[in-house]
Amino acid sequence: MSKPDVVIAAAYSRWLNTILETHAKQLWDAADGDLDDNELNENWELLPEQLRRRLWGLSSDLFSLVDNEKFTDADWEPIPLQELANRLEESFQKRQWDEVLDLLRRPPRFVASDHVSYIRGRAWQELGQHDVALKFFDNASRLKPGHAPYRILALECLKAACDWQEAISRANQYSLDPTSSPSLLFRAGDVFHAYSMTGGEDQGELAKRAVDVVNQGLDKLGTEQPPDSILVAAFVTKAFCLERLGRFDEALSTYDAGIQQFPGNPELLTARGLLRLEHNIGGSIDDFRSAVTLFARSVWPYLELARNEFSQHKYDDALEWCRLGLERANRNRDADVALLFDLRALALFEKNDSAVAIERAFQTAVSLDPFNLAIRHNYERYLVVSRHPTQPVSGDWELSPLPIEEERRVLYQSVQRSHAPAA
Amino acid sequence: MMRQLCSPKMVPKRLHDTGKIPGAIGPQSLHLFRHGEGSFEHSSVTEQLTLVPDGDDHATVQPSAVMVYADYRQALVNTRNDWVSGEDDPDE
C-alpha cells in the first residue's frame, strides 16, 4: 500500500538534512556512524525511486563543493554533445529539474563548472529547497569570484529561507566592498527593505539603510549597466523605503526619475499612482490610465480606475475597466480578482442589467475571496434588494478603502521577482 | 543496483573517492563483502541458510527452518571464511 504524501515528505526531508549534515561535517570519518538508526533506514525504504535517485545525485553533486566530484561514465550510455545540449535545454525549459540534474552528470560534460553549479542551484531553488540552492550558488561564486548574478541569487535564497542574519551580513559586506556592482548593491538594498517588512525592530533604520545602499548603486551606474528589470526594481525599493520614512517628495522624485528613464514601464506608473492616491488623485488617475495603456499586469490600476468611474456613476466605464482588468491583469491572487468581480456586480446592478449576470459576478467574487466582509455585505444587500425591490433598504454598497499597504506589497513583490537574474 | 536499494550512508565514502560509487557518504569503517556467485535465485546457501530473492538484484539470507536467533547468527558467522571483499566488483 502506498504511503501518504506527508509521510514520504517527512522521510525525504529527514534524508535531505542527513545528507547535507554528513557532507558539512564530513561524518564519514566519525568513528560511530548512525547506521544503527533504524528509523532513518526505514525512512529510506519509504522513498519512491525518483526521490532516492535525487538524493543520491545530491550527495554526489555536493562533492563538487570541495572539488571532489566523481563520475562513473559506465552509468551512462554515450550520447553526442549536441544531443545532450538539446536535452539539457529542453528539460530546463520544461522545468524537469530531476532530469536537468541527471543530465549535468552525464558525459560529455561540456558546461563550465561554475555554470553547472549555477544550474544546480536554479534546479534546487525551483524544487523549493533554498538551503540546498544556496550551497550551489555560493559554490558558483567560489568558482567565478566577483560574478554578481551568483551572489544575487544567493541573497534571494537567504531571503526565501528567512535567514536574515546571514542575508543582512552579506548585504552589509557588499555595501562596504568598493568592487560591488550596482546590481549587487541594488539587491543588497532590497535585503534591508525585505527584512524591514518582516516587522522586526529598527524598521526605520533598515529602510534608511536600504535607501543608502541603493543610492550607492545608482552613483556607480557608469561602471555597469544593469538589466532594466533590476534597475526598475531598484527605483521601487528606494521609493518604497522613502515613503515608509515619510519622505513623500523624495519618493515621488524617485518614481519621476524612474519613469523618465523607463517611460514604458507600467509597474513604475502604478507604484507612483498608488503613492499619489492620497495627495493628488488627478495625477494618480493619470498614472493608472498610462499603466493600463501599457498593458499593466497588476490588477490595481484597473481596479482604481473602475472605482473612480463607479463613484462618478459612470457604470459602463467602470465595467470596461473591470473587463480589461480581468482580461489582462495577473490573476494569481484570488483576493485581488474578487474585487474586480465585486465591482462588476455593483456596476451591473446600477445599470439594471440582468439578475443572472449580477448574481454570477457576485458568486464568483464570494467564491474567490470568501473572507472579504465588504463583498459579502454587498452580495447580501443585493439579495435583499432584488427580492424586495419596492422596499427601501438601509445602508449602501461597501466600497471599502482598498488595502493600500497590500497593493504596494504585492506590486513590490511583482517588480522584485521579475528581474530573475540570468547568469 | 546499489543506488536503488541502499542509502548513500550505507556505502563507505571511499567508494566515492575511487569513483566507483559517486555520492557514497557512509562511514569508512563500513566494508562490503561478496559471498557466492551467480544471479539472485532462491537457493540454499548452507544447510541452515537459504537465499530468498526479493527482487531481480537483491535477496536476503534467511534461516532454512525455524531456529533460535543465536543459531541463526552462528550460521551466518560460519560463512565468514567464504566472504571476499566486494569493493572491487563491478557495480551492476
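Keep in mind it's a predicted model, so treat the numbers as computed, not measured.

Cut-offs applied
Residues numbered from 1 in each chain as written. Chains lettered and ligands numbered in written order. Predicted model: local features only at pLDDT ≥ 70, side-chain atom pairs only at ≥ 80, totals over all residues. Helix = DSSP H or I, 4+ residues; strand = E, 2+ residues; numbered from the N terminus. Buried ≥ 20, exposed ≤ 12 C-beta atoms within 10 Å, placed from the backbone. Contact = placed C-beta atoms within 7 Å. Expected span 1.5 Å × (residues − 1). Pairing = 2+ DSSP bridges. Axes fitted to C-alpha atoms, helices over the stretch in contact; angles between N-to-C directions. Parallel < 35°, antiparallel > 145°, perpendicular 65-115°, else oblique. Left-handed = near helix turned anticlockwise from the far one by under 90°. Nonpolar A, V, L, I, M, F, W, Y, C, P; charged D, E, K, R; others polar. pLDDT = per-residue confidence, 0-100.

**Topic: the overall build of chain A**
At step 1: A tally of regular secondary structure across chain A gives 21 helices and zero strands.
At step 2: Split into buried and exposed, the 423 residues of chain A put 41% on the buried side.
At step 3: Counted over contacts in chain A with a minimum sequence separation of 6, partners at least 24 positions apart contribute 58%.

**Digging into helix 12 (residues 228–244) of chain A**
Residue and element names in this part refer to chain A.
At step 1: Counted at 1.5 Å a residue, the expected span for helix 12 with its 17 residues is 24 Å, and the 24 Å between its end C-alpha atoms agrees.
At step 2: With 15 of 17 residues buried, helix 12 lies mostly within the body of the structure.
At step 3: Phi for G246, located one or two positions after helix 12, is positive at around 80 degrees.

**Some thoughts on the environment of W76(A)**
Residue and element names in this part refer to chain A.
At step 1: Here W76 lies in the loop between helix 3 (49–62) and helix 4 (81–93).
At step 2: Placed 31 residues apart in sequence, W76 and P107 show a C-alpha to C-alpha distance of 7.6 Å.
At step 3: Setting aside chain neighbours within four positions, we find W76 in contact with R106 and P107.

**Concerning the environment of A318(A)**
At step 1: With respect to the element layout, A318(A) can be found in helix 17 (residues 315–328).
At step 2: Those residues within four positions of A318(A) in sequence are excluded, and the remaining contacts are A306(A), E309(A), F310(A), L343(A) and A347(A).

**Observations regarding the pairing of strand 3 (residues 49–55) of chain B**
All names here are of chain B.
At step 1: Across two bridges, strand 2 (residues 43–44) lies against strand 3 in antiparallel orientation. The residue of strand 3 that forms the bridge with S43 is L51.
At step 2: Counting the residues in the hairpin turn of strand 2 and strand 3 gives four residues.
At step 3: The pairing of strand 3 with strand 4 (residues 58–63) spans six bridges and is classified as antiparallel. Along strand 4, the bridge assignment pairs V52 with T60.

**Points about the sheet that holds strand 2 of chain B**
At step 1: The strand order across the open sheet built from three strands is 2-3-4 (chain B), with neighbouring strands paired in antiparallel fashion. Looking at strand neighbours, the two that pair on one side only are strand 2 and strand 4 of chain B, the edges of this open sheet.

**Notes on the interface of chain A and chain B**
For interface size, the figure often reported is the accessible area lost on association.
At step 1: Between chain A and chain B, the residue contacts involve 20 residues of the former and 16 residues of the latter.
At step 2: Residue assignment for the side of chain A that touches chain B shows that the elements contributing at least two residues are helix 1 (5–25) and helix 3 of chain A.
At step 3: Sort the elements by how many residues they give to the side of chain A that touches chain B and helix 3 of chain A lands first, with seven residues.

**Description of the packing of helix 14 (residues 266–276) of chain A against helix 15 (residues 281–293) of chain A**
Residue and element names in this part refer to chain A.
At step 1: Where helix 14 contacts helix 15, the two axes come as close as 8 Å, and the packing angle between them is 160 degrees. The orientation of helix 14 relative to helix 15 falls into the category roughly antiparallel. In the packing of helix 14 onto helix 15, the handedness of the crossing is left-handed. Along its contact with helix 14, which presents P266, L269, T270, R272, G273 and R276, the element helix 15 presents G283, S284, D287, F288, S290 and A291.
At step 2: A breakdown of the residues in the contact of helix 14 with helix 15 according to their chemical character gives four nonpolar, five polar and three charged.

**Regarding unusual backbone geometry**
Residues and elements named next belong to chain A.
At step 1: In this model, P107 is joined to P108 through a cis peptide bond whose omega is -5 degrees.
At step 2: Secondary-structure assignment places P108 in the loop between helix 5 (97–105) and helix 6 (113–126).
At step 3: The phi torsion at Q26 lies on the positive side, around 50 degrees, for a residue other than glycine.
At step 4: Following the sequence through the fold, Q26 ends up in the loop between helix 1 and helix 2 (38–46).
At step 5: Of note in this structure, N352 is not a glycine but carries a positive phi near 60 degrees.
At step 6: Looking at the element boundaries, N352 is found in the loop between helix 18 (334–350) and helix 19 (355–368).

**Structural notes on the confidence of the model for chain B**
At step 1: Residue-level pLDDT values for chain B average 88, and 93% of them are 70 or greater.
At step 2: The ipTM for the predicted assembly is 0.82, set against a pTM of 0.83.

**Comments concerning the packing of helix 18 of chain A against helix 19 of chain A**
Residue and element names in this part refer to chain A.
At step 1: For the pair helix 18 and helix 19, the least separation of the axes is 8 Å and the interaxial angle reads 160 degrees. If you check the angle between helix 18 and helix 19, you find them roughly antiparallel. For the pair helix 18 and helix 19, the sense of crossing is left-handed. Here D334, V337, A338, F341, D342, R344, A345, L348 and F349 of helix 18 come into contact with helix 19, specifically with A357, I358, A361, F362, T364, A365 and L368.
At step 2: Looking at the contact of helix 18 with helix 19 residue by residue, the classes come out as 12 nonpolar, one polar and three charged.

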